[in-house]
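Summary of structural features
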Amino acid sequence: MTTPHRPTARIWYAAYGSNMDPGRLAAYLEGGRAPGGRRSHPGCRDPRPPARSAPVRLPGLLYFATESQVWTGGRAFYDPDAEGELVAYAYLLTVGQFSDIAAQEMYREPGEDLDLTEVLGRGRARLGPGRYETLVRAGQLDGFPVLTFTAPWPSAGVPLNAPSAAYLRHIAAGVVAAHGWTARQAAEYLAGCPGVAGRWAVAEIEGLVTEGGREAPADPADPRTSR
């Protein structure tokens, strides 16, 4: 990793998982532990809040796989090559802030700016084999590139895993905050995502936002999980 970019350079970070919730993102920017999380974060070198935020939609698919050390249950990933549409919350950050958030997502210490040359030029850059080490340029907004990070594998190439209640609550709250949807609309969107479908019912996800909800996904054989 090198630092060819000016520290003041700006990019839009398109968050599609728990970082859609501004309160959860603050734990990465300022340091600390997000509500319901099991890990504390050191924070960014620049802890200031995003300069701006905006709702965005990306072509592709939201799915859940692997096992999170922070939340337990499946992690959110973005498959930009799959059919569909993914809702996200874009934050206008410095390159340094984006780099430090990416480092913390990989359980590393922040401190070095990412080299964005390849992703800005080609639209993709694989910085390593890790789950959030593949950068994707999803477009441009108000003159700044829209970037996010995801896993290198396709959604069909990894076993799915249902997310935990705490994690899903942050994502649903972020969808509501970003796009102005009702809790029900957010629940319907998330209930259709691979890894959630068949494990979390719409009403259960809605309850996570409006009432606190339960703490574990129901057994897929339980008829109460049907939608």
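My aim in this report is to walk through the structure given alongside it, one point at a time. Just so it is clear, the structure is predicted and the values come from calculations on it, not from any experiment. (Residues numbered from 1 in each chain as written. Predicted model: local features only at pLDDT ≥ 70, side-chain atom pairs only at ≥ 80, totals over all residues. Heavy atoms only, no water.)

Each helix and strand in the protein chain was counted, giving six helices and eight strands. The linear arrangement of helices and strands in the protein chain, starting from the amino end, is β-α-β-β-β-β-α-α-β-β-β-α-α-α. Buried positions account for 52% of the 227 residues belonging to the protein chain. Here the analysis covers contacts within the protein chain between residues at least 6 apart in sequence; of these, 66% occur between residues at least 24 apart. When the accessible area of the protein chain is evaluated, it comes to approximately 9,900 Å², of which 50% is carbon and sulfur surface. (Helix = DSSP H or I, 4+ residues; strand = E, 2+ residues; numbered from the N terminus. Buried < 20%, exposed > 50% of the residue type's maximum accessible area, 1.4 Å probe, protein only. Contact = heavy atoms within 4.5 Å. Areas by Shrake-Rupley, 256 points an atom, 1.4 Å probe, with all protein chains shown as cover.)

With that settled, consider the side chain of Ser 155. Inspection of the secondary structure assignment puts Ser 155 in the loop between strand S8 (144-150) and helix H4 (165-179). Within the structure, Ser 155 has its side chain in polar contact with the side chain of Asp 79 (distance 2.8 Å). Not counting the four nearest positions on each side in its chain, Ser 155 is found in contact with Leu 61, Tyr 63, Asp 79, Ala 82 and Leu 160. (Polar contact = N/O pair within 3.5 Å; in protein donor to acceptor, adjacent residues only side chain to side chain.)

Attention now moves to the packing of H4 against helix H5 (residues 183-191). Helix packing geometry: the angle between the two helix axes and the distance between the axes. At a minimum axis distance of 9 Å, the contact between H4 and H5 shows a crossing angle of 120°. In this view, H4 runs oblique relative to H5, as classed from their interaxial angle. Pair H4 / H5 crosses with right-handed handedness. On H5, the residues that touch Leu 168, Ile 171, Ala 172, Val 175 and Val 176 of H4 are Ala 183, Ala 186, Tyr 189 and Leu 190. Its residues placed into classes, the contact of H4 with H5 shows nine nonpolar, no polar and no charged. (Axes fitted to C-alpha atoms, helices over the stretch in contact; angles between N-to-C directions. Parallel < 35°, antiparallel > 145°, perpendicular 65-115°, else oblique. Left-handed = near helix turned anticlockwise from the far one by under 90°. Nonpolar A, V, L, I, M, F, W, Y, C, P; charged D, E, K, R; others polar.)

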